[in-house]
Amino acid sequence: NAGVTQTPKFRILKIGQSMTLQCTQDMNHNYMYWYRQDPGMGLKLIYYSVGAGITDKGEVPNGYNVSRSTTEDFPLRLELAAPSQTSVYFCASSYGTSGGWSSVGELFFGEGSRLTVL
Amino acid sequence: GDSVTQMEGPVTLSEEAFLTINCTYTATGYPSLFWYVQYPGEGLQLLLKATKADDKGSNKGFEATYRKETTSFHLEKGSVQVSDSAVYFCALTTGFQKLVFGTGTRLLVSP
């Protein structure tokens, strides 16, 4: 009963380093998302994907890249880390249109990855 | 663009008190509305939703009614418990791709 699994849970990076946040889901969901959560700012969408091989930018994509080679995995890559990328990152998934209108907006979230850039 | 405005927290209540967390929205089209809850150290979970005007979503004693005339979706619970302490997010979507979240309201319930 894994759901959405994110790794690592915590990471400290130095300015200019790169890293990949891993996300995998076992619910056969078509749609996957990456959000960042900053204190007092709610969640902001970074990138999303509506299926394998398809990705699109959200509100705050700068400094990040994603890929979706399989239905299950949606890694988020940070290139040249900056202090402004210090945040908690959440991966989420949903059925999308395959679930019909009754499932719209029903996202399943991972537990989050706390990233600090020093 | 679409947006959600929530009351600022923290909201501090004693156990068994009545809870209201206000949420208003701005959207083009006809949004679906949601409340998500985030317990400490966890990801967000869907609490309830409403997909059209006058619908009432309910779950675990929480309720919210979709009011189109006031563009609101206030969260209520008649008697809160310590275990309800969490951060509550109001959200909306007008399609399948993107969910727009409010900034969240922290609820603290004391025994």
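A brief structural summary. (Residues numbered from 1 in each chain as written. Chains lettered and ligands numbered in written order. Predicted model: local features only at pLDDT ≥ 70, side-chain atom pairs only at ≥ 80, totals over all residues. Heavy atoms only, no water.)

Some remarks on the overall build of chain A
Here is step 1: Scanning chain A from terminus to terminus reveals 0 helices and 11 strands.
Here is step 2: Beginning at the N terminus, the succession of helices and strands in chain A can be written as β-β-β-β-β-β-β-β-β-β-β.
Here is step 3: Oriented by its inertia axes, the alpha-carbon framework of chain A measures out at about 45 × 30 × 30 Å.
Here is step 4: For chain A, with 118 residues in total, the buried portion stands at 46%.
Here is step 5: If you take every contact in chain A between residues at least 6 apart in sequence, the share linking residues at least 24 apart comes to 56%.
Here is step 6: Total accessible area computed for chain A in this model is approximately 5,600 Å², and 52% of it derives from carbon and sulfur atoms.
Here is step 7: Measuring between centres, the 9 positive side-chain charges of chain A sit 11 Å from its 9 negative side-chain charges. (Helix = DSSP H or I, 4+ residues; strand = E, 2+ residues; numbered from the N terminus. Buried < 20%, exposed > 50% of the residue type's maximum accessible area, 1.4 Å probe, protein only. Contact = heavy atoms within 4.5 Å. Areas by Shrake-Rupley, 256 points an atom, 1.4 Å probe, with all protein chains shown as cover. Lys, Arg positive; Asp, Glu negative; His and termini not counted. Charge placed at Lys NZ, Arg CZ, Asp CG, Glu CD.)

Observations regarding the interface of chain B and chain A
Here is step 1: If you look at the interface, chain B gives 22 residues, while chain A gives 26 residues.
Here is step 2: Of the roughly 1,900 Å² buried where chain B meets chain A, counting both sides, 63% is carbon and sulfur surface.
Here is step 3: Taken together, the connections running from chain B to chain A amount to 1 salt bridge.
Here is step 4: Here Glu106 of chain A makes a salt bridge to Lys49 of chain B, at a shortest N to O gap of 2.7 Å.
Here is step 5: Seen at the junction of chain B and chain A, the total is 4 residue pairs in polar contact (both at pLDDT 80 or more).
Here is step 6: For the side of chain B that touches chain A, the secondary structure elements donating two or more residues are strand 5 (32-38), strand 6 (44-50) and strand 10 (86-93) of chain B.
Here is step 7: For the side of chain B that touches chain A, the leading source of residues is strand 5 of chain B, giving 4 residues.
Here is step 8: Its residues assigned to classes, the side of chain B that touches chain A shows 8 nonpolar, 11 polar and 3 charged. (Buried area = accessible area lost by both parts, 1.4 Å probe. Salt bridge = Lys/Arg side-chain N within 4 Å of Asp/Glu carboxyl O. Polar contact = N/O pair within 3.5 Å; in protein donor to acceptor, adjacent residues only side chain to side chain. Nonpolar A, V, L, I, M, F, W, Y, C, P; charged D, E, K, R; others polar.)

So, the pairing of strand 7 (residues 56-59) of chain B
All names here are of chain B.
Here is step 1: The pairing of strand 7 with strand 8 (residues 62-65) spans 4 bridges and is classified as antiparallel. From the neighbouring strand, Asn59 faces strand 8, where its bridge partner is Phe62.
Here is step 2: Counting the residues in the hairpin turn of strand 7 and strand 8 gives 2 residues, including Lys60, whose phi is positive at 55 degrees. (Pairing = 2+ DSSP bridges.)

Coordinates in, geometry out; function isn't part of it.
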